[in-house]
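# Observations on chain architecture
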Amino acid sequence: QVQLVESGGGLVQAGGSLRLSCSASGRTFSSYGMGWFRQAPGKGREFVAAISYSGRNTYYADSVKGRFTISRDNAKTTLYLQMSSLKPEDTAVYYCAAGNYGWASTRVTDYNYWGQGTQVTVSS
């Protein structure tokens, strides 16, 4: 089992940048596929980015491709999401998630563990 704690959210102006972190407990972090999802008020949870256990494979939602970068440091058991050129439509609660199978998945149902989320608000 793994526990996930997100940090780094906040209020930023459009065009600005933020880096989210997700700190994981447990010694098997390097075996999990990891993902970032987000949920805006009144909407469902939406895929943002994913990375395989080794970091070799990454996937992005079309809406963030070229602006967001997912990465991981297995030695530090931490997942990151570097967000640049932020837009008001990026406003949401951002969640990190871990999947037992190790691959990078875009599907909510492939993830077994979730953090509590961190709020990102982009003002226009």
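The structure contained in this document is the topic of the report that follows. (Residues numbered from 1 in each chain as written. Predicted model: local features only at pLDDT ≥ 70, side-chain atom pairs only at ≥ 80, totals over all residues. Heavy atoms only, no water.)

## Considerations on empty space enclosed by the protein
Under the defined criterion, the tally for this structure stands at one cavity of 30 Å³ or more. By volume, the largest cavity amounts to about 40 Å³. Lining the largest cavity we find G33, G99, N100, Y101, G102, W103, S105, D110 and Y111. Of the residues contributing to the lining of the largest cavity, the split by class is three nonpolar, five polar and one charged. (1 Å grid on protein atoms, 1.4 Å probe; cavity = no way out; pocket = protein on both sides within 12 Å on 5 of 7 lines; lining within 4 Å. Points joined across faces, edges and corners; volume = space filled by probe spheres on them. Nonpolar A, V, L, I, M, F, W, Y, C, P; charged D, E, K, R; others polar.)

## What about the state of the cysteines?
Taken as a whole and assessed by the stated rule, the structure comprises one disulfide. Note that C22 is cross-linked by a disulfide to C96, the S-S spacing being 2.0 Å. On the S-S bond that ties C22 to C96, the torsion sits near 50 degrees, and the link is right-handed. One end of the pair, C22, is in strand β3 (residues 18–24); the other, C96, is in strand β9 (residues 92–99), and 74 residues separate them in sequence. As far as the burial class goes, C22 and C96 line up, both buried. (Disulfide = S-S within 2.5 Å. Helix = DSSP H or I, 4+ residues; strand = E, 2+ residues; numbered from the N terminus. Buried < 20%, exposed > 50% of the residue type's maximum accessible area, 1.4 Å probe, protein only.)

## Concerning the pairing of strand β7 (residues 68–73)
In the case of a regular strand, side chains alternate between the two sheet surfaces. Side chains of β7 alternate between two faces, with F68, I70 and R72 buried and T69, S71 and D73 left unburied. Bridge analysis of β7 against strand β8 (residues 78–83) gives six bridges, and the strand direction is antiparallel. Considered in β8, the bridge of D73 is made with T78. (Pairing = 2+ DSSP bridges.)

## Concerning unusual backbone geometry
Even without being glycine, T77 reaches a positive phi, approximately 45 degrees. On the secondary structure map, T77 appears in the loop between β7 and β8. Unusually for a residue other than glycine, S85 sits at a positive phi of about 50 degrees. Within the secondary structure layout, S85 lies in the loop between β8 and β9.

## Describing the pattern of salt bridges
Tallied over the entire structure, the rule returns five salt bridges. In this structure, R67 engages D90 in a salt bridge whose closest nitrogen and oxygen atoms are separated by 2.8 Å. Of the two residues, R67 sits in the loop between β6 (58–60) and β7 while D90 sits in the loop between β8 and β9, which places them 23 residues apart along the sequence. Overall, the relative accessible area of 12% leaves R67 in the buried class. Taking the shortest distance from any N to any O, the salt bridge between R107 and D110 comes out at 3.2 Å. By relative accessible area, D110 is classed as buried at 13%. Shared partners join several salt bridges into a network, and the residues in it are R38, E46, R67 and D90. (Salt bridge = Lys/Arg side-chain N within 4 Å of Asp/Glu carboxyl O.)

These figures come from the coordinates and say nothing about function on their own.
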